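In case you want the letters, here they are:
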Amino acid sequence: MAAYDKADLERRMAGSIESLKGDLSGLRTGRASTSLLDPVTVEVYGAQMPLNQVATVSVPEPRMISVQVWDKMNVGPCDKAIRSAGLGLNPIVDGTTLRLPIPDLTEERRKELAKLAGKYAEDARIAARNVRRDGMDSLKTDEKKGVYSEDERKKLETEVQKLTDKTIGEIDAAATVKEKEILGK
């Protein structure tokens, strides 16, 4: 096990927040957003490619996403990929452009999405706690090796706990904002 490295713990905890923000940005809130299509992959040229590598995704109006496919041979696969992505979107094909009207969310769907946001936040909290555990374990190992005295270890453990509390606070704040956005409050 590696020696205690505060910078590494901070980086890994920040990573759990970034990962959460990425997950949350993919949740639909009833408003059009290009990030909604980030998880969509299209099978073209014999390979799976992200949609944004075969088309230009834009938001011309608040309740519409426009997907301008570069190669007209890929319009069908793009249409199919968006329909099968489980986003509840039905593209309207217009030449090489796919128009995606964003339907209103039902109350039931809003609650499902809010629950999903909560699940993402819990996964991020677990990741942050795992980082804390790794930090605490390396501190105990370092103390046994004589790198730190018991007092130094306890002081550093307090630092690790403060970092964990701060990270979990940020995770909770991001999840709360997203849940309010989804529920339209």
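It should be noted that the structure appears before, not after, this text.
Bear in mind that the values here come from a model prediction, so they are computed numbers and not experimental data.

One ladder, built from five bridges, connects strand E3 (residues 55–61) with strand E4 (residues 64–69); its direction is antiparallel. Across the sheet, the residue bridging to Ser 58 is Ser 66, located in E4. Following E3, the chain reverses through two residues before pairing antiparallel with E4.

Attention now moves to the nonpolar core. Membership of the largest hydrophobic core comes to 21 residues, with the highest contact counts inside it found for Leu 37, Leu 51, Ile 65, Val 67 and Ile 82. Looking at this core, the elements with two or more residues in it are strand E1 (41–44), E4, helix H2 (75–83) and strand E6 (97–101). If one sorts the elements of this core by residue count, H2 sits on top with four residues. Dropping the residues within four chain positions of it, Leu 51 is found in contact with Leu 37, Val 40, Thr 41, Val 42, Val 57, Val 67, Cys 78 and Ile 82. The next biggest cluster of nonpolar side chains, apart from the first, holds 16 residues, and it includes Ile 17, Leu 105, Ala 174 and Ile 182.

What follows deals with the packing of helix H1 (residues 6–25) against helix H3 (residues 107–145). Direction vectors running N to C along H1 and H3 enclose 170°, while the axes themselves pass 9 Å from each other. Regarding the angle of H1 to H3, the classification is roughly antiparallel. Contacts from Leu 9, Arg 12, Met 13, Ser 16, Leu 20, Asp 23 and Leu 24 of H1 reach H3 at Ala 117, Tyr 120, Ala 121, Ala 124, Ala 127, Ala 128, Val 131, Arg 132, Asp 134 and Gly 135. The residue inventory of the contact of H1 with H3, partitioned by class, reads eleven nonpolar, two polar and four charged.

With that settled, consider the environment of Ala 32. By secondary structure assignment, the location of Ala 32 is in the loop between H1 and E1. When the C-alpha atoms of Ala 32 and Ser 66 are compared, they prove to be 9.7 Å apart, with 34 residues separating the residues in sequence. Excluding anything up to four places from it in sequence, Ala 32 contacts Val 59, Glu 61, Pro 62, Arg 63, Met 64, Ile 65 and Ile 102.

If you walk through the whole model with that rule in mind, you get 17 salt bridges. Here Glu 159 and Lys 6 are joined by a salt bridge, their closest N and O atoms 3.4 Å apart. One end of the pair, Glu 159, is in helix H4 (residues 150–183); the other, Lys 6, is in helix H1, and 153 residues separate them in sequence. Looking at Lys 6, the relative accessible area reads 37%, which means it is partly exposed. For Lys 166, the salt bridge is made with Glu 170, and the minimal N-O distance between the two is 3.4 Å.

This paragraph deals with H2. When we look at burial in H2, the residues that qualify are Val 75, Cys 78, Asp 79, Ala 81 and Ile 82. When H2 is viewed along its axis, its buried side chains cluster within an angular range of 165° and face the same direction. In the core, the buried residues of H2 are packed alongside E1, E4, strand E5 (92–94) and E6.

Turning to the sheet that holds E6, a few remarks are in order. Read across the open sheet, the four strands follow the order E3-E4-E6-E5; overall the sheet is antiparallel. Of all strands in the sheet, those with a lone pairing partner are E3 and E5, marking the two edges. Looking at each pair of strands side by side, their axes are set apart by 25° on average, direction ignored. Strand direction decides the pairing type here: E5 and E6, joined by three bridges, are antiparallel. In the strand pairing of E6, Asp 94 is matched with Thr 97.

The rules behind the values
Residues numbered from 1 in each chain as written. Predicted model: local features only at pLDDT ≥ 70, side-chain atom pairs only at ≥ 80, totals over all residues. Heavy atoms only, no water. Pairing = 2+ DSSP bridges. Helix = DSSP H or I, 4+ residues; strand = E, 2+ residues; numbered from the N terminus. Core = buried A, V, L, I, M, F, W, Y, C linked by side-chain atoms within 4.5 Å. Buried < 20%, exposed > 50% of the residue type's maximum accessible area, 1.4 Å probe, protein only. Contact = heavy atoms within 4.5 Å. Axes fitted to C-alpha atoms, helices over the stretch in contact; angles between N-to-C directions. Parallel < 35°, antiparallel > 145°, perpendicular 65-115°, else oblique. Nonpolar A, V, L, I, M, F, W, Y, C, P; charged D, E, K, R; others polar. Salt bridge = Lys/Arg side-chain N within 4 Å of Asp/Glu carboxyl O. Arc of directions from axis to C-beta.

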